[in-house]
There are 2 protein chains.
Amino acid sequence: MTVKALLFDVFGTVVDWRESVARQARTLMEPKGITADWTGFADAWRGKYQPAMEQVRRGGRDFVRLDVLHREGLTEVLKQFRITGLPEPEVDHLNRAWHRLDPWPDAVPGLVRLKSQFILGTMSNGNVALLVNMAKAAGLPWDVILGAEPAQAYKPMAQAYLISVDWLGLTHGEVMMCSAHNSDLLAAQACGLRTAFIARPTEYGLRQDRDCKAEHTFDVVSESVLELAHQLGC
Amino acid sequence: MTVKALLFDVFGTVVDWRESVARQARTLMEPKGITADWTGFADAWRGKYQPAMEQVRRGGRDFVRLDVLHREGLTEVLKQFRITGLPEPEVDHLNRAWHRLDPWPDAVPGLVRLKSQFILGTMSNGNVALLVNMAKAAGLPWDVILGAEPAQAYKPMAQAYLISVDWLGLTHGEVMMCSAHNSDLLAAQACGLRTAFIARPTEYGLRQDRDCKAEHTFDVVSESVLELAHQLGC
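Parameters at a glance
Residues numbered from 1 in each chain as written. Chains lettered and ligands numbered in written order. Predicted model: local features only at pLDDT ≥ 70, side-chain atom pairs only at ≥ 80, totals over all residues. Heavy atoms only, no water. Pairing = 2+ DSSP bridges. Helix = DSSP H or I, 4+ residues; strand = E, 2+ residues; numbered from the N terminus. Axes fitted to C-alpha atoms, helices over the stretch in contact; angles between N-to-C directions. Domains from an automatic or database assignment. Buried area = accessible area lost by both parts, 1.4 Å probe. Salt bridge = Lys/Arg side-chain N within 4 Å of Asp/Glu carboxyl O. Polar contact = N/O pair within 3.5 Å; in protein donor to acceptor, adjacent residues only side chain to side chain. Nonpolar A, V, L, I, M, F, W, Y, C, P; charged D, E, K, R; others polar. Phe/Tyr/Trp six-rings, centres within 6.5 Å; stacked < 30°, edge-to-face > 60°. Buried < 20%, exposed > 50% of the residue type's maximum accessible area, 1.4 Å probe, protein only. Contact = heavy atoms within 4.5 Å. Core = buried A, V, L, I, M, F, W, Y, C linked by side-chain atoms within 4.5 Å. 1 Å grid on protein atoms, 1.4 Å probe; cavity = no way out; pocket = protein on both sides within 12 Å on 5 of 7 lines; lining within 4 Å. Points joined across faces, edges and corners; volume = space filled by probe spheres on them. Right-handed = clockwise from strand over helix to strand, strands pointing away.

J.: Honestly, the sheet that holds strand S2 (residues 119-124) of chain B in this entry has me stumped. Any pointers?
T.: Remark on secondary structure: sheet strands pair via backbone hydrogen bonds, oriented parallel or antiparallel. Residues and elements named next belong to chain B. Taken in spatial order, the 6 strands of this open sheet run S3-S2-S1-S4-S5-S6, and their pairing is parallel. Every interior strand has two partners, whereas the edge strands, strand S3 (144-147) and strand S6 (220-222), have only one. Strand-to-strand twist across the sheet, computed as the mean angle between neighbouring axes with direction ignored, equals 25°. Of the pairings in the sheet, the one linking S2 to S3 comprises 4 bridges and is parallel in character. Its bridge partner lying in S3, Ser124 is registered against Gly147.

Okay, here's the thing in structure tokens:
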């Protein structure tokens, strides 16, 4: 195996979006006397994610960056939770909660170890600004920001993976997609990439019913980024 | 001044392409008994650069990455220097000399200091693989790789600067273009970016007759990346 670059899914695989979004919503709202089930709020917001991208994937809408889709979803979720009167700048600030997600505890130490031997890139549906701001805040040591916005295509569209590999100047087999999501890895595998599953069985909370384990044959199956580093000899 | 991101020209500003290319050509050729004026060889190769990009800028040719233009230029320069019989893999290896350029001595320490306060990006006509490989080899701590290939447009086309600012999610005035080339900074300034000149009066050798100093009004004028860091309070 002559893997030269590792491309990481970010939401769920590297960062804990659910607890981070819930915490930031709570921090913003509770001083205003607004209470809610904040992990439910995060789940509802995340629930808008796939349907919104699906419109773009199906060609029903030109490519727009995830910040825009997040903002549209947030407007709907605020209505659902009957939260009104939030000033526009605060809604915008809350929308950028996705730029400030906390990494899983193993992510930064694992990436730092992997960085000495591999090119490390994002392969995320997040937009460039979101990923750069998150990396600066969380200390994620990416060598290159790739994914939906550079490719103008949302995963699991093949274009997202293929343009990234092309820009790295590598063969498909020299690039390994690392993700906590079986469907992401299947799509990357169909493009000829190597695959590494990283289990995140509580991404959606304790009652998670999907992606609890690797459901297909992948090149590496691991429980954390640190274990991935160990398995890859770092 | 509320600058949040610094975008760097790379060839000449951050790395010494002339001595690095000359050294790599010498190292490859001299054991084969091939001798030449190797800085002259580097200059001749670099001389193909602007005319080749100009074809793309004028729309006479679809965008192709710099590796391709470098390879075409190398074929011509090898002919000019009457160097024949080099095996194809060695020509390819020499072409990737541009992926292995050495930084000016102040570049890495200066960038490391700037990284704590600013988003650091490339804004180069080099392609993504070239810039990522160079960064890994030289320890250049970029947060994001931007420039010609992501924008599919060669500087000084406005699109190259504008797409980069757009992807960073910043206003034009929040981004500072840092370059040793007056024309690069003028083009960025015309797009509304802040500008920092970094003098590299020996980029083209001791008899350099252009870009020896700032020829226009820029926000910062400095002699090195370390001095730029100092002037920006890092």
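J.: Explanation requested: the domain arrangement of chain A in the structure shown.
T.: Where the parts come together, the accessible area they lose is often given as the size of the interface. Residue and element names in this part refer to chain A. One can read the domain layout of chain A as domain 1 (5-16 + 102-231) and domain 2 (17-99). The gap between the C-alpha centroids of domain 1 and domain 2 is 23 Å. Of all residues in domain 1, the largest losses of buried area upon contact with domain 2 belong to Phe11, Asp16 and Tyr154, amounting jointly to 35% of the total for that side. Here domain 1 and domain 2 share 2 salt bridges between them. For Arg65, the salt bridge identified is with Glu149, shortest N-O distance 2.9 Å. Between domain 1 and domain 2 we count 14 residue pairs in polar contact (both at pLDDT 80 or more) in total. At 4 residues, helix H7 (residues 128-138) tops the list of elements feeding residues into the side of domain 1 that touches domain 2. Taken together, the residues that form the side of domain 1 that touches domain 2 break down as 11 nonpolar, 7 polar and 5 charged.

J.: How should the packing of aromatic side chains be read in this particular structure?
T.: Think of a pair of aromatic rings as described by two things: how far the centres are apart, and how the planes are tilted against each other in angle. All names here are of chain A. Taken as a whole and assessed by the stated rule, the structure comprises 22 aromatic pairs over all chains. With 5.7 Å between their ring centres and 85° between their planes, Phe11 and Trp98 make a pair best called edge-to-face. With a gap of 87 residues between them, Phe11 in the loop between strand S1 (5-8) and helix H1 (17-29) and Trp98 in the loop between helix H5 (88-95) and helix H6 (107-115) connect regions that are remote in the sequence. In this structure Trp98 comes out as buried when scored by relative accessible area, which is 0%.

J.: What exactly am I supposed to notice about the side chain of Asp211(A) here?
T.: Residues and elements named next belong to chain A. Mapped onto the secondary structure, Asp211 falls in the loop between strand S5 (194-198) and strand S6 (220-222). Among the polar contacts listed, one links the side chain of Asp211 to the side chain of Asn182, at a separation of 2.8 Å. Excluding residues that lie within four positions of it along the chain, Asp211 makes contacts with Ala180, His181, Asn182 and Phe197.

J.: Quick question: what am I supposed to make of the nonpolar core here?
T.: If you look at soluble globular proteins, the nonpolar side chains tend to sit buried side by side. In terms of nonpolar packing, the biggest core is built from 170 residues, with Phe8(A), Phe41(A), Leu114(A), Phe8(B), Phe41(B) and Leu114(B) touching the most fellow members. Broken down by element, the residue count for this core peaks at 7 residues, all from helix H7 (residues 128-138) of chain B.

J.: Can you help me understand the environment of Leu28(A) in this one?
T.: All names here are of chain A. Of note, Leu28 is situated in helix H1. Taking the C-alpha atoms as reference points, Leu28 and Phe218, 190 residues apart in sequence, are found 41 Å from one another. Once residues within four sequence positions are removed from consideration, Leu28 is found in contact with Leu86, Glu90 and Leu94.

J.: What is the right way to look at the layout of surface pockets in this model?
T.: If a probe the size of a water molecule is rolled over the atoms, the empty space left behind becomes visible. Considering only enclosed or pocket space, the largest pocket measures out at about 540 Å³ in volume. Forming the boundary of the largest pocket are 25 residues, of which Arg96(A), His99(A), Asn133(A), Gly169(B) and Leu170(B) lie nearest the centre. At the level of elements, helix H4 (66-80), H5 and H7 of chain A are the ones that each hand at least two residues to the lining of the largest pocket. Among the residues forming the lining of the largest pocket, the class breakdown is 6 nonpolar, 9 polar and 10 charged.

J.: Whenever I open this one, the pairing of S2(B) confuses me. Can you help?
T.: In the case of a regular strand, side chains alternate between the two sheet surfaces. Residue and element names in this part refer to chain B. The buried fraction of S2 amounts to 6 of the 6 residues, a majority that puts the element mostly inside the structure. The side-chain alternation of S2 yields two buried faces, one formed by Ile119, Gly121 and Met123 and the other by Leu120, Thr122 and Ser124. Where strand S1 (residues 5-8) meets S2, 4 bridges bridge the pair, whose relative direction is parallel. In the strand pairing of S2, Leu7 is matched with Gly121. With respect to chirality, the unit in which S2 leads through H7 into the neighbouring parallel S3 is right-handed.

J.: What exactly am I supposed to notice about the interface of chain A and chain B here?
T.: Tallying the contact residues gives 19 residues for chain A and 19 residues for chain B. For the pair chain A and chain B, the two sides together bury roughly 1700 Å², of which 58% comes from carbon and sulfur. Our count for the contact surface shared by chain A and chain B stands at 4 salt bridges. The partner of Lys136(A) in a salt bridge is Asp143(B), with the nearest N and O atoms 2.8 Å apart. Our enumeration of links across chain A and chain B arrives at 10 residue pairs in polar contact (both at pLDDT 80 or more). Of all the secondary-structure elements, those providing two or more residues to the side of chain A that touches chain B are H7, strand S3 (144-147), helix H8 (148-151) and helix H9 (158-168) of chain A. Take the side of chain A that touches chain B: its biggest share by element is 5 residues, from H7(A). Split by residue class, the side of chain A that touches chain B holds 11 nonpolar, 2 polar and 6 charged.

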